[in-house]
Amino acid sequence: MTTKNISQNETANEQLEADLDNPERRTLLKRAAIGGGAVLAAGMGSYAAGKSSVQGVPDLSWPVVTDDFKSFPQRNTVLSYAISPQQMMRHPERNEQFGRLNKNNPNYNFQVQVPGYEFKPWDNSRPGFTQLDHALQHSSWFPPFSTELRLAGLGTPNSRFYSWDQSDVELEQYQFGSEKEASDAIRAAAKLYGAVRCGIARRDKRFDYDPIYDAGITTEMMNSLESQGVHKLRDYKQVAGAMQEAMKEFKVQDRELTWEHDFPFVPKSVIVLAVPMDYDNLATAPSRTSGATVGDGYTKMATLASSIAKFIKNLGFQAVACGNDLGSSVAYGIAAGLGEGGRNNQLLVPGYGPRVRICKVYTDFEFVEYDQAHTWGMTEFCKSCKKCGEACPSQAIDMSDDTHFYYDGEHSDQPGYAWGNHEGIKKFHTDAKKCFDYWLESDNDCGACAAACTFNEPDYWHHWFIMAINPYTPKFIHSLMAELHPAFGYGSTEDPAKVKKFWKTGEGMRVNETNRHAFGAVGKA
Amino acid sequence: MQLLQWFLMGIMFTLGSIGVAYLSTKVKMPWYGWSTVIIGSILVLFGIGWSGASFLEGVAQSGAMALMLMSMPGVLMVVLAYRYFATQIVSKS
Ligand code: SF4
Ligand code: SF4
């Protein structure tokens, strides 16, 4: 140590001694130390409490169902009906009733509108619907349109990515050291392939579609209709005629498949995987722009779920990947502990809200640590918040003050109106027919209810803070939080400023100052 | 960027606690006066932290609302508590 350093240290020691001799300074140092310690302890305590709160608490009461609650036949999902020419002929009363009650048009028909869906021309004077937005949306659907994913998205089972073929299962079965090791390995693979959440649920027949439904239409048939320009026709009589011709040419025959006779094995577990949608892109909903993160999500679902299914098969066990088909993704998402059911009938995932797409892998592998349903107080929050319903352009969303067992929205008094609702489980019940009708009419896949959701938040600490305190806040605070969400600038829909903002998010991509969640986060890259 | 924000907030909280400690050597207040000052200071810092994150995520409206609904009442609480409850400590020396 040099002479200069020694003399500096001595001066510092003398100063400290002088400070300690001064009672006022001593009090200040003592109180500053106590204050600093208290701040540190409070900070660490809050962080630990928050971290534990966002884990959620097991919800042993879920699901609350009626005695006769059972699995739902897939043919009755609105998408299965709407894409099926044969169901159109078998159940003309469904089209007629919906049209008469909601559109003042008893000749209403879902099926003839499907070939032209999302093919209306762009409008360069309308933000979100310009050629630029149109180009983006259609490019996002290019991979699904090039494979059979378009049909899979509509619920068709056993398609290319979601194949039921088990001929490639390894003969030797890998032995994991423990169930936890097996679950961790599955989650590690899921994370690698792009999942932001992964949970494993026991197979529950009540949440499987039974029977499974295949409308019989094929990619070749759809491509043929497109090559004839049917997607551009706006005269529905002509569309119906072209569809009839195509049905004859491609010998369209729908069929129902059973788990017992047609599915290749008896599933024991369902791996539930969530892929994110981009915050800024979805914020433009409902628009062609926001349709891009939806289309992109379908591709990501397929690559993720099919890779995980192949991973399980390589370990020597049977597995089938699926997207919207085979079972209710929301119910399985809840069962796997990924989130809670929202008023908008979507899975609300902490940190994302409904801004995820869900895919699943059915497998006979059961040496795993199963997850269970959890609650974060989100469904409870929905009871005081109706923001999704207020944002819904078709009034399809349940606006009741509490969850309930049966569809009780508009026209619920009309016999058979709720054919598309899975009733008998305590939740909010949407009118999916009105929703899909709006998609067809507006020519985009909407998503306003997801964009407006109070839990659709970017990944920043203050949103996690709200998430963490949510279970401990009373009902009137929930209402206040729901009102403040838009007041703070979040959740607006049909907002041209959001479209403009989205198209700026590519700025700064040469150097990215954060690698955290670049996709699905907010703001510039 | 958010980690940098945490770091800066840590410095601000530390300076805040030193500031309150310093004030406690200069003025006397009843317990409710100190509670108001401490809660007010936390609100000020919380609002700043919130608005920092909001500006980072590009939602300026949220940042402005946080400053208005959290930091501003916090400042008012500190000022009012000081104004109505504080009495100067007279140095004995
Ligand atoms: S997607 Fe659109 S139309 Fe459908 S329920 Fe949500 S907001 Fe309503
Ligand atoms: S907007 Fe509100 S009511 Fe609707 S799902 Fe989100 S939290 Fe629930």
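Residues numbered from 1 in each chain as written. Chains lettered and ligands numbered in written order. Predicted model: local features only at pLDDT ≥ 70, side-chain atom pairs only at ≥ 80, totals over all residues. Heavy atoms only, no water.

- Chain B carries the name Tetrachloroethene dehalogenase in an unreviewed UniProt entry, which gives Shewanella canadensis as its organism.

Topic: the packing of aromatic side chains
Residue and element names in this part refer to chain A.
Working step 1: Across all of its chains, the model carries 34 aromatic pairs over all chains by this definition.
Working step 2: A centroid spacing of 5.2 Å and a plane angle of 35 degrees characterise the contact between W141 and Y298, whose relative ring orientation is tilted. Taken together, the residues span a long stretch of sequence, with W141 in the loop between α6 (131–140) and α7 (142–146) and Y298 in helix α13 (residues 288–314) at a distance of 157 residues.
Working step 3: Residue classification places W141 among the buried residues on the basis of a relative accessible area of 13%.
Working step 4: Among the residues examined, Y298 registers a relative accessible area of 10% and is labelled buried.
Working step 5: Relative to F365, the ring of F176 has its centre 6.0 Å away and its plane inclined at 45 degrees; by these criteria the two rings are tilted. Of this pair, F176 sits in the loop between α8 (149–153) and α9 (179–192) while F365 sits in the loop between β9 (356–363) and β10 (374–375), placing them 189 residues apart in sequence. Each member of the pair, F176 together with F365, is buried.
Working step 6: Feature note: the residues W62, F69, W164, F207, W259, F263, F265, Y332 and Y362 constitute an aromatic cluster, connected by ring pairs.
Working step 7: Residue placement shows R126 over the ring face of F129; its charged tip is 3.7 Å from the ring centre.
Working step 8: Over the aromatic face of F145 sits the side chain of R150, whose NZ or CZ is 3.8 Å from the ring centroid. (Phe/Tyr/Trp six-rings, centres within 6.5 Å; stacked < 30°, edge-to-face > 60°. Helix = DSSP H or I, 4+ residues; strand = E, 2+ residues; numbered from the N terminus. Buried < 20%, exposed > 50% of the residue type's maximum accessible area, 1.4 Å probe, protein only. Lys NZ or Arg CZ within 6 Å of the ring centre and 35° of its normal.)

Some points on the confidence of the model for chain B
Residues and elements named next belong to chain B.
Working step 1: Looking at chain B, pLDDT values average 90 and 96% of them are 70 or higher.
Working step 2: Strand β2 (residues 87–88) is the least confidently modelled element of chain B, averaging 83 in pLDDT, while helix α3 (residues 60–85) averages 96, the highest of any element.
Working step 3: Here the predicted complex carries an ipTM of 0.89, next to a pTM of 0.92. (pLDDT = per-residue confidence, 0-100.)

Considering the side chain of T77 of chain A
All names here are of chain A.
Working step 1: Counting through the fold element by element, T77 comes out in the loop between β1 (57–58) and α3 (78–82).
Working step 2: The class of T77 is buried, set by a relative accessible area of 16%.
Working step 3: A polar contact is formed between the side chain of T77 and the side chain of S80, at a distance of 2.9 Å.
Working step 4: With residues near it in sequence (within four places) discarded, T77 still touches F72, Y209 and W419. (Polar contact = N/O pair within 3.5 Å; in protein donor to acceptor, adjacent residues only side chain to side chain. Contact = heavy atoms within 4.5 Å.)

As for the site of ligand 2
Residues and elements named next belong to chain A.
Working step 1: As a structural note, the neighbourhood of ligand 2 is formed by R343, N344, F381, C382, C385, K387, C388, C453, T454 and F455.
Working step 2: Those elements giving two or more residues to the shell around ligand 2 turn out to be α15 (378–382) and α16 (387–391).
Working step 3: Classifying every residue of the shell around ligand 2 gives six nonpolar, two polar and two charged. (Near = heavy atom within 4 Å. Nonpolar A, V, L, I, M, F, W, Y, C, P; charged D, E, K, R; others polar.)

Examining the site of ligand 1
All names here are of chain A.
Working step 1: In the neighbourhood of ligand 1, the contacting residues comprise C392, P393, S394, I397, C435, Y438, W439, C446, G447, A448 and C449.
Working step 2: Broken down by secondary-structure element, the contributors of at least two residues to the shell around ligand 1 are α17 (432–442) and α18 (448–451).
Working step 3: Counting residues per element, the shell around ligand 1 draws most heavily on α17, at three residues.
Working step 4: Its residues placed into classes, the shell around ligand 1 shows nine nonpolar, two polar and no charged.

A closer look at the sheet that holds β9 of chain A
Residues and elements named next belong to chain A.
Working step 1: Reading across from one edge, β2-β5-β9-β6 is the order of the four strands in this open sheet, with antiparallel pairing throughout. What marks the edges here is a single partner per strand, and that holds for β2 (197–202) and β6 (319–322). On average, adjacent strands in this sheet sit at an angle of 20 degrees to one another, irrespective of strand direction.
Working step 2: Of the pairings in the sheet, the one linking β2 to strand β5 (residues 269–276) comprises six bridges and is antiparallel in character. By the bridge assignment for β5, G199 is matched with V272.
Working step 3: Where α13 meets the sheet, it contacts β5, β6 and β9, and its direction lies at approximately 25 degrees from that of β9. (Pairing = 2+ DSSP bridges. Axes fitted to C-alpha atoms, helices over the stretch in contact; angles between N-to-C directions.)

Considering the side chain of R355 of chain A
Residues and elements named next belong to chain A.
Working step 1: Within the secondary structure, R355 sits in the loop between β8 (347–348) and β9.
Working step 2: For R355, which is buried and forms no salt bridge, the nearest opposite charge comes from D278, at a distance of 6.4 Å.
Working step 3: A polar contact is formed between the side chain of R355 and the side chain of N456, at a distance of 2.7 Å. (Lys, Arg positive; Asp, Glu negative; His and termini not counted. Salt bridge = Lys/Arg side-chain N within 4 Å of Asp/Glu carboxyl O.)

Focus: unusual backbone geometry
All names here are of chain A.
Working step 1: Between W62 and the following residue, P63, the backbone shows a cis peptide bond with an omega angle of -5 degrees.
Working step 2: Position of P63 relative to the elements: it lies in the loop between β1 and α3.
Working step 3: Residue A285 is joined to P286 through a cis peptide bond whose omega torsion reads -10 degrees.
Working step 4: For N104, which is not glycine, the phi dihedral falls at a positive 55 degrees.
Working step 5: Turning to its location among the elements, N104 is positioned in the loop between α5 (92–103) and α6.

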